[in-house]
Each structure stands twice: as C-alpha cells, then as structure tokens.
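Results of the structural survey
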Amino acid sequence: MNTLQTKRLTLCPITINESAFIFELLNTPDWIKFIGDRNIRTLADARDYIADKLIKGYQEDGFGLLLVKLQNNEAPIGICGLIKREALADIDIGFAFLPQFYGKGYAYEAAAATMDDARMNRGIKRIVAITTEVNLRSIRLLEKIGLHFEKRFYMEGDPEELLLYS
C-alpha cells in the first residue's frame, strides 16, 4: 500500500492501532446521516471493522480507504481513498473527516491526491463517487476534484436514492 504526502497531510494505510479514531469517526452524526450506521459500538467493533473491511480491502484490491493525518503532529483527522464495491462497475472515491476539520481544505487536498495517485500510479481511467442529494458538502468536493453528475440510482438493498458522479 502506498503512502501519499501532500503539503499538509499524510495518507497511509489504517492499522488496528487506529481503532479509537475509527470508533469516533464512524459515530459522528454526519457519518451516520450520510454514510450510514455501521453499528460500531465498542473499540472491539472498530478493530473488527478495520480488520474485516479496511485491511481486507488492501489485501484483496491493493487499495482502500487511507488514514488522513496532519503532517505537523500526525493527528488523524479523516479517511480518504478508493473503494471497490460489488454494486458498482467502477472504483469509487470515498472520504470522511471529523467535523472539527471541515472547511479547512483538508478533504480537497486528500481527495485530489487520491485522484492523482489513482490515475498516475494505478492506471485507473474512470473513478466514480456516490452521495446523496442532501450531502451538499460532498457534492461540492466531488465537483471540485473534477467529477460530474452522471445519474440517479439505487444500490441493491438500499432504499435511498443515490447520485453517481464520474
């Protein structure tokens, strides 16, 4: 797995050691509202999520969601990376940050680095993203990194209408 560096951030693989951070992030109101409740109620749940979802993705796909840390103090502030979902034909970009780091350009910096890495180092030609109509912050970021609205759709087993950007 690659580690990516930007002017202010380091993006690196998530390890079991980040279970407290993952617990906090996955229980923020915005994660639950826009991404969905993953039933992470304990640190053990967070460790299992990291092992079963994130690390497994690294092993199976060679990429996945990366931990985003500030370079100046190595504090974790979010996650950003590529995801291969069975329900989508293409690889998608995903991101989430702790609320206290909104509006500082970190999400854009991480997402732009992820897009550059996908194209230049991984040879990925088409990258998509999914969001909901009410997640305006996400929509603005997707457009800022060069993605465009493609269609509305439903993922199997999910009653909520989603927007696909590519």
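Residues numbered from 1 in each chain as written. Predicted model: local features only at pLDDT ≥ 70, side-chain atom pairs only at ≥ 80, totals over all residues. Heavy atoms only, no water.

Our next topic: helix H4 (residues 106–120). Across its 15 residues, H4 extends 21 Å between first and last C-alpha, which sits within 8% of the 21 Å expected from 1.5 Å per residue. Within H4, the full set of buried residues consists of Tyr106, Glu109, Ala110, Ala111, Ala112, Ala113, Thr114, Met115, Asp117 and Ala118. (Helix = DSSP H or I, 4+ residues; strand = E, 2+ residues; numbered from the N terminus. Expected span 1.5 Å × (residues − 1). Buried < 20%, exposed > 50% of the residue type's maximum accessible area, 1.4 Å probe, protein only.)

Let us look at unusual backbone geometry. Positioned with a positive phi, Asn39 is a non-glycine residue whose angle comes to about 55°. Structurally, Asn39 is set in the loop between helix H2 (29–35) and helix H3 (43–61). In this structure, Glu74 takes a positive phi of about 60° despite not being glycine. Tracing the backbone shows Glu74 in the loop between strand S3 (65–70) and strand S4 (76–83). On the basis of relative accessibility, which here comes to 56%, the residue Glu74 falls in the exposed class.

Attention now moves to the sheet that holds strand S7 (residues 149–153). Strand order in the open sheet made by the eight strands is S1-S2-S3-S4-S5-S6-S8-S7, with mixed pairing throughout. Either end of the sheet is taken by a strand with one partner, and the two such strands are strand S1 (4–5) and S7. In this sheet, strand S2 (residues 9–13) lies alongside S1 in antiparallel orientation, the contact comprising two bridges. Across the sheet, the residue bridging to Leu4 is Leu11, located in S2. (Pairing = 2+ DSSP bridges.)

Next up on the list: the side chain of Asp92. With respect to the helices and strands, Asp92 occurs in strand S5 (residues 91–97). A distance of 3.1 Å separates the side chain of Asp92 from the side chain of Arg85, its partner in a polar contact. Ignoring sequence-local partners within four residues, the contact set of Asp92 consists of Gly81, Leu82, Ile83, Arg85, Ile127, Val128, Ala129 and Ile130. (Polar contact = N/O pair within 3.5 Å; in protein donor to acceptor, adjacent residues only side chain to side chain. Contact = heavy atoms within 4.5 Å.)

Two side chains with opposite charge may pair up if their charged atoms get near one another. Counted by the stated rule, this structure contains nine salt bridges. Measuring nitrogen to oxygen at the nearest pair gives 3.1 Å for the salt bridge that ties Arg126 to Glu150. Of this pair, Arg126 sits in the loop between H4 and strand S6 (127–131) while Glu150 sits in strand S7, and the two are 24 residues apart along the sequence. A relative accessible area of 35% places Arg126 in the partly exposed class. (Salt bridge = Lys/Arg side-chain N within 4 Å of Asp/Glu carboxyl O.)

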